[in-house]
Structures are given as structure tokens and as C-alpha cells.
Protein chains: 2
Amino acid sequence: MQPKQIIVTIPVKERHKAYLESKAPDARFLYTSAQNITDDELDKANIIIGNVPPKRLHSPAALEWMQLNSAGSDNYCAPGVLSPRTILTNATGAYGLAISEYMLAVSLQIQNKLFLYRDNQRNHLWKDEGEVTSIEGSTTLVIGLGDIGGSYARKMKALGSYTIGIRRTATNKPDYLDELYSMDSLDEVLPRADFIALSLPNSPATYRIINETRLRAMKKTAILINVGRGTAIDTDALVRVLNDGHLAGCAVDVTDPEPLPPDHPLWDARNMVITPHSSGSYHLPETFERIVRIAGENLEAFLAEKPMRNVVDFSTGYRKR
Amino acid sequence: MQPKQIIVTIPVKERHKAYLESKAPDARFLYTSAQNITDDELDKANIIIGNVPPKRLHSPAALEWMQLNSAGSDNYCAPGVLSPRTILTNATGAYGLAISEYMLAVSLQIQNKLFLYRDNQRNHLWKDEGEVTSIEGSTTLVIGLGDIGGSYARKMKALGSYTIGIRRTATNKPDYLDELYSMDSLDEVLPRADFIALSLPNSPATYRIINETRLRAMKKTAILINVGRGTAIDTDALVRVLNDGHLAGCAVDVTDPEPLPPDHPLWDARNMVITPHSSGSYHLPETFERIVRIAGENLEAFLAEKPMRNVVDFSTGYRKR
């Protein structure tokens, strides 16, 4: 059997290389970057580990498996990017820790008005901003219960919040949820929540799922958080609703459009907190370690023709179950 | 027996009045405020519920018991404020929820660089600020394990931090601590911590306990939090150390001097987060409910000559054990 040609575009260190090579002793490894890879190298690759830009891929015939370093995979599910014969796996599980701590951070930031106190500090202003609320005794609604949404729900539960989850199918309620519903029940549970957290992949079913009607159905004092894809929220409606005085605040790490143009009104919307799609990436060193572990375990499984982790269903953009 | 004259200066609602009066049906209640109370009223009071300013008190002879609405009580322990015969109780237990959530909020705010992202947002700047750290896998050192410090340690433990506590006497280690030491071990454990949280009363023993040597003994990447009294930290040393690039950041809700003057260099020290002694107060409605409950339970105990909660030892400023 011809040795597999494996291209690794994620920024591995020597110990990561040794780990990956231990999983495929007979393979040929090429370590490069998404920027530096050549078309010829791409044509010959049997396996790619890392997010080579979709526009560089034209259903490469030799490509048997592609391991993404991202949790989102919608860009790779579009027709013509990958051959239907190529196995696509994503990095679900790598980002749960970093992004759920970010979600907790912005939940508390808005609840404690720390963004207002930051503005006051910049003006050397010792000024009380009044009432706050607490996580203990609150109700948290998590929409999308992958690794990220699930990790956030677990933390909120540990801090004394009552947790409600929504996912595509309302089966197998995890211990960290008090209630679990399917997406059909969204409008019913929305008005009950103090925290509403969105961690959804980009898909036709999630496009602007939070529209103006749903924003106004939320409690006036609710806090909305979005870490999935910016397109899950109708941005113009969000600006209107916030500036009308509805919601205690909103924090997003993803926007629509993204990046947010400098003149966009969302920047200055009332009680709005914006971060530049920074909650994930490799900003937490542990995230990268987890990606390498997923890639290594999948490499071993692929070569042994055993079941792999995080195989993406091209038609839904979600993991296969 | 003469009916007790009780002055209530905290802003009670009708239901709170009904609750307190149910605990002392024979007493005479006067509801007023710390601002409006007269010297004559103070002279006749047997019981005061609320922080009447210490300078208004001159060891009032009729005063048998004073229930503070604050957790700190050092101003009331000074000679000449209260008669040694007066029982002083504080509101320890009321602030744990609000202040420990605040402490968690600023821990995550600094860790996730949300203060930098806030500044960028104000400038409509979509800019990545790089690496972050996580609570999971960190080590937290809590100095002062009253209700506030203990509640914070419990939350950090629940989020996956390894918790070390320091209190005056290292006995009866609670479950939410991995290690417990007495103050003698401070210099030994300081270099191990990623989070160092101070929740200490004002006393000669805690005055500038965090001096320049100890600040520099902390990890370069440590995050320091102070919610007790501003005097626990040498402020000038803190400014120097931060601006030298030591510490990942510092958040304080209390300062020395307090309020912080507009021209003080602490406002603009590197990675500094300042809030204006706002983490407690009655900003969380539950805090006030807890204060009323402590006062009511103590009122019942006082009249029945039973043990009361939170009796302050004038010589230490701490609760008696």
C-alpha cells in the first residue's frame, strides 16, 4: 500500500509532530501552513489536518479525510469544496472550555455593569451605576447544546442558575440541565430566561433565528449572548431593540456582517458588548492541545478503519450521531 | 419592664417592618435614616439597626445593641464610639453572594481581556488581543475566608480551580478548599497562585499586607483582586509593579485613598480594573433581604437572651468565634 500523504497546516510544535507521527508511522508528513501550501501539494494529499481555505479546494480527488481545526464546518459543506467521498471531521470538543469561560465572563460583565465601570474608569470617574443581578437564582436558556453550549450550561448550573436547554431533538437530558426542549418550544421558553445563550452552527435553520419578535419576547432584563455565528441574530433588529431600552445587555463574539465595519451602529448600541471572534482561536493554549489530540485520535482511527470523532454530515453541517 | 426603643435606619419596606415587629411585639420602633436621626433619638435608643455614622455616636449609655448593615465594622470598634457594654453585630453573610459573583466577574474580565476589548469597542476597533488563560486548571489563593472569601473559593472550585485558603487560624478546612493555611504561610503560597483574592477587614494586622515585595513574589501572570479594604494593598507599590509589566491584572472595588482622586495614577495603571466600592451596597436586592433576616433573627435572640449571630470582638474587628 502506498504510504499516506498527510498535510498538517496547524502550527504544531515538535512534541505535537512526534505525537501525530506516532499514530501513523508509515505515513509521509508535510508540515506547512494554510498560506504556504501549493496546489500541487494539495492535489497529492490523502489527509489534511487544518483549515485550508475552502476556495483552495476543488473536490480534490486524492483527499480521503480532512480534519478541521474549527468547530464550525459550514464553509466546507458547500458543493464543490470537498468530494462526497472525503470524510470531514471538525474540532468539536476543543473549544468548549475556552468559549464557555468567555460566555460566563460576558454574562457576569453585563450583569455587574463592568463595561460601564470600565468607561467610568477611563474618565477617572468614581461613580456608582446602581442595581445588579446575580447568576444564583437566575434562569439560563442555552440554545444549541454542543460541547460549547453544554459546558456553559454546566457552569451556570454550578453557580446556582436554573438551566433550560434547547437542541434539535429533546432526548437524553444531561444532568446539568433542569429542562430540555426541542427547537419547536423556543417561543414558549424564551420569555422565562434571564440569560439566553446561542451556540449554533451556521445553517438555513439557524439563520436569523433570533429576529425582532423573539428579541422583544425576551425579558426586558434578559442578557443575550452569541458565540456561534453572527447570522443567528437579525443585527438591525438587535440595534433597535437595545436602543429602545429592551434587554439588560447583549454580548457577541460573532457578528453579521463580520468583521463589523467601523461605522456600524452595533458598536454603540446601548449595553452592547462586542469582541472580535476572539473567544475561540488558539488563545487558550489548552484549545490547541485538544485539537491535536482530536486529530491524533482520528488519525489512528482512520488508519485502523474504526469509527472517528466529529464526522460532519454534509447535509446538516452538524456532527453525525 | 420598659419597652425597648428600637431605631431602624435601613430603608425597610412595609413587609420588612412587619417582619421585624413580629420579632419584638412589645418594642417601640422608630423608622428613620442615618441622615435624619436626631441626637435626642440616639440618646434614647436601646437598639439601633443600621449604620448610624460613628461620629454621631458618643458611647450612648442607653444603647444595648447595635446591628450594622455592613460586613466591615472597624469604624465602630474605635474607642469612644460605643460603650464597652454595647453589643455590636455586623451583617456578615449578607454580602457573600453579591461580592463573590463580582469577584468572579472581574477574575474573568481580566483573564479574557474584556477591559481591553471594551476600550477597542469604544473606538469601533475589531482587533484581536491574543492569548487568554482559564479558570479551569488554575490555582486560586483566597486570603480571608469569611462569607465573601469562602463563597468566591467555592465558585472557583466548582469551575475547576485548585483552591488554597488562608485565614487567621488554619483549622476546619472546608470542602471547597484543597489546602488551608494560617497567615504565617502567606509568603510560601503566594508564588503558586494564578488568582489572589483579598477579602480582609481593616485592622493593624491587615494594613498593607500586600506590599511591594509580596506583589513581586506573585506570578508575573497572576491576577490580584481586592474587595475588603483598600488599605490591604500598598497602592503606590501596586502602580509601580503593574506598570513594570508584572501581574496579568488587578481588580479592586476598594482603594486607598478612597474615593480615588481623579488625578491618582492608579486609574491608568496597566491592566488595572477599578470599581467604586459598588460590589456590595444594596445593589443586589437579595443582599438587603439577607440583612433584614440577620437583624430579625438577632432581634429575637437578643430579647430572648440567646446567642446572637455576628457579634464583633472590639479588639480584633472580627466576629467572635
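Everything quoted here is computed from the prediction, not taken from an experiment.

Participant: Quick rundown of the pattern of salt bridges? Include the residues and the values.
Facilitator: Enumeration according to the criterion identifies 44 salt bridges over all chains in this entry. Measuring nitrogen to oxygen at the nearest pair gives 3.4 Å for the salt bridge that ties A:Arg229 to A:Asp74. Placement of A:Arg229 in the loop between strand 10 (223–226) and helix 9 (235–243) and of A:Asp74 in helix 3 (residues 74–77) is noted, with a sequence separation of 155 residues between them. Residues B:Asp187 and B:Arg214 are paired through a salt bridge, measuring 2.8 Å at the closest nitrogen-oxygen approach. Taken as a pair, B:Asp187 in helix 7 (residues 186–189) and B:Arg214 in helix 8 (residues 212–217) lie far apart in primary sequence, 27 residues in all. Put simply, A:Glu136, B:Glu286, B:Arg290 and B:Arg293 are held in one network by salt bridges that share partners.

Participant: For the pairing of strand 7 (residues 162–167) of chain B, give the residues involved together with the corresponding values.
Facilitator: All names here are of chain B. Extensive coverage of strand 7 is indicated by the burial of five of its six residues. Note that strand 6 (residues 139–143) and strand 7 share five bridges and pair parallel. Bridge pairing links Val-142 to Gly-165 in strand 7. Where the polypeptide runs from strand 6 across helix 6 (residues 147–158) and back to strand 7, its parallel neighbour, the crossover connection is right-handed. Looking at chain direction, strand 7 and strand 8 (residues 179–182) are connected through four bridges and run parallel. Note on strand 8: the bridge partner recorded for Gly-165 is Leu-180.

Participant: Which residues make up unusual backbone geometry, and what values do they have?
Facilitator: The linkage connecting B:Asp256 with the following residue, B:Pro257, adopts the cis geometry, with an omega of 10°. Tracing the backbone shows B:Pro257 in the loop between strand 11 (249–252) and strand 12 (272–274). In the segment running from B:Glu258 into B:Pro259, the intervening peptide bond is cis, with an omega of -5°. Position of B:Pro259 among the secondary structure elements: in the loop between strand 11 and strand 12. Positive phi is not limited to glycine here, since A:His124 has a value of about 55°. Here A:His124 shows up in the loop between helix 5 (114–122) and strand 6 (139–143). The phi dihedral of A:Glu305 falls on the positive side, at around 55°, and the residue is not glycine. Residue placement: A:Glu305 occurs in the segment after helix 10 (285–303).

Participant: Describe the nonpolar core, and please don't skip the residues or the numbers.
Facilitator: Counting 104 residues, the largest nonpolar core has A:Ile6, A:Met103, A:Ile225, B:Ile6, B:Met103 and B:Ile225 as the members making the most contacts within it. Once residues lying within four places of it in the same chain are set aside, the contact partners of B:Ile225 are B:Met103, B:Val106, B:Ser107, B:Tyr152, B:Ile196, B:Ala197, B:Leu198 and B:Ala251.

Participant: Report on the relation of the copies chain A and chain B, specifying residues and quantitative values.
Facilitator: Least-squares fitting of chain A to chain B yields an RMSD of 0.0 Å, with the transformation described by 0.0 Å of translation along the axis and a rotation of 180°. Viewed as a symmetry operation, the transformation between the two copies matches a two-fold axis. A shared interface surface links the copies, since 100% of the contact residues of chain A are contact residues in chain B too.

Participant: Pulling in residues and values, what's your account of the side chain of A:Glu179?
Facilitator: All names here are of chain A. Summarising the element assignment, Glu-179 is placed in strand 8 (residues 179–182). Separated by 2.9 Å, the side chains of Glu-179 and Arg-192 make a polar contact. Each residue touching Glu-179, except ones within four places of it in the same chain, is listed here: Tyr-162, Thr-163, Ile-164, Gly-165, Lys-173 and Arg-192.

Participant: Kindly report on helix 9 (residues 235–243) of chain B, identifying the contributing residues and their values.
Facilitator: Think of an α-helix as turning once every 3.6 residues; residues three or four places apart then point the same way. Residues and elements named next belong to chain B. Within helix 9 the residues assigned to the buried category are Thr-235, Ala-237, Leu-238, Val-239, Val-241 and Leu-242. Contacts made by the buried residues of helix 9 are with helix 8, strand 10 (223–226), strand 11 and strand 12. N-capping of helix 9 is provided by Asp-234, with a side-chain oxygen placed 3.3 Å from the backbone N of Asp-236. A positive phi of about 95° marks Gly-245, the residue just after helix 9.

Participant: I'd like a rundown of the sheet that holds strand 10 of chain A, residues and numbers included.
Facilitator: Residues and elements named next belong to chain A. Taking strand neighbours across the sheet as the criterion, the seven strands line up as 8-7-6-9-10-11-12 in an open arrangement whose pairing is parallel. Since the sheet does not close on itself, it has two edges, and those belong to strand 8 and strand 12 (272–274), each with one partner. Each neighbouring strand pair of the sheet contributes to a mean axis angle of 15°, computed without reference to strand direction. By the bridge criterion, four bridges tie strand 9 (residues 195–198) to strand 10 in an arrangement that is parallel.

Participant: Could you give me a rundown of the packing of helix 4 (residues 96–111) of chain B against helix 6 of chain B, with the residues and numbers involved?
Facilitator: Residue and element names in this part refer to chain B. Two numbers describe how helix 4 lies on helix 6: the axes approach to 8 Å, and their chain directions differ by 50°. One way to sum up the angle between helix 4 and helix 6 is to call them oblique. For the pair helix 4 and helix 6, the crossing hand works out as right-handed. Taking contact as the criterion, the partners of Gly-96, Leu-97, Ile-99, Ser-100, Glu-101, Met-103, Leu-104 and Ser-107 in helix 4 are, on helix 6, Asp-147, Ile-148, Ser-151, Tyr-152, Lys-155 and Met-156. Grouping the amino acids of the contact of helix 4 with helix 6 by side-chain chemistry returns seven nonpolar, four polar and three charged.

Participant: So what's going on with the interface of chain A and chain B? Which residues, and what values?
Facilitator: With 51 residues of chain A at the contact, the number on the chain B side is 51 residues. Across the chain A/chain B interface, buried area totals approximately 4,700 Å², and carbon plus sulfur atoms make up 60% of it. Summed over the shared surface of chain A and chain B, the number is six salt bridges. Ionic pairing is found between A:Glu136 and B:Arg290, a salt bridge with its closest N-O pair at 3.9 Å. The interface formed by chain A and chain B contains 26 residue pairs in polar contact (both at pLDDT 80 or more). By residue number, the principal contributor to the side of chain A that touches chain B is helix 4 (residues 96–111) of chain A, which donates nine residues. A per-class count over the side of chain A that touches chain B returns 25 nonpolar, 13 polar and 13 charged.

What counts and what doesn't
Residues numbered from 1 in each chain as written. Chains lettered and ligands numbered in written order. Predicted model: local features only at pLDDT ≥ 70, side-chain atom pairs only at ≥ 80, totals over all residues. Heavy atoms only, no water. Salt bridge = Lys/Arg side-chain N within 4 Å of Asp/Glu carboxyl O. Helix = DSSP H or I, 4+ residues; strand = E, 2+ residues; numbered from the N terminus. Buried < 20%, exposed > 50% of the residue type's maximum accessible area, 1.4 Å probe, protein only. Pairing = 2+ DSSP bridges. Right-handed = clockwise from strand over helix to strand, strands pointing away. Core = buried A, V, L, I, M, F, W, Y, C linked by side-chain atoms within 4.5 Å. Contact = heavy atoms within 4.5 Å. Least-squares fit on C-alpha atoms with pLDDT ≥ 70 in both. Polar contact = N/O pair within 3.5 Å; in protein donor to acceptor, adjacent residues only side chain to side chain. Axes fitted to C-alpha atoms, helices over the stretch in contact; angles between N-to-C directions. Parallel < 35°, antiparallel > 145°, perpendicular 65-115°, else oblique. Left-handed = near helix turned anticlockwise from the far one by under 90°. Nonpolar A, V, L, I, M, F, W, Y, C, P; charged D, E, K, R; others polar. Buried area = accessible area lost by both parts, 1.4 Å probe.

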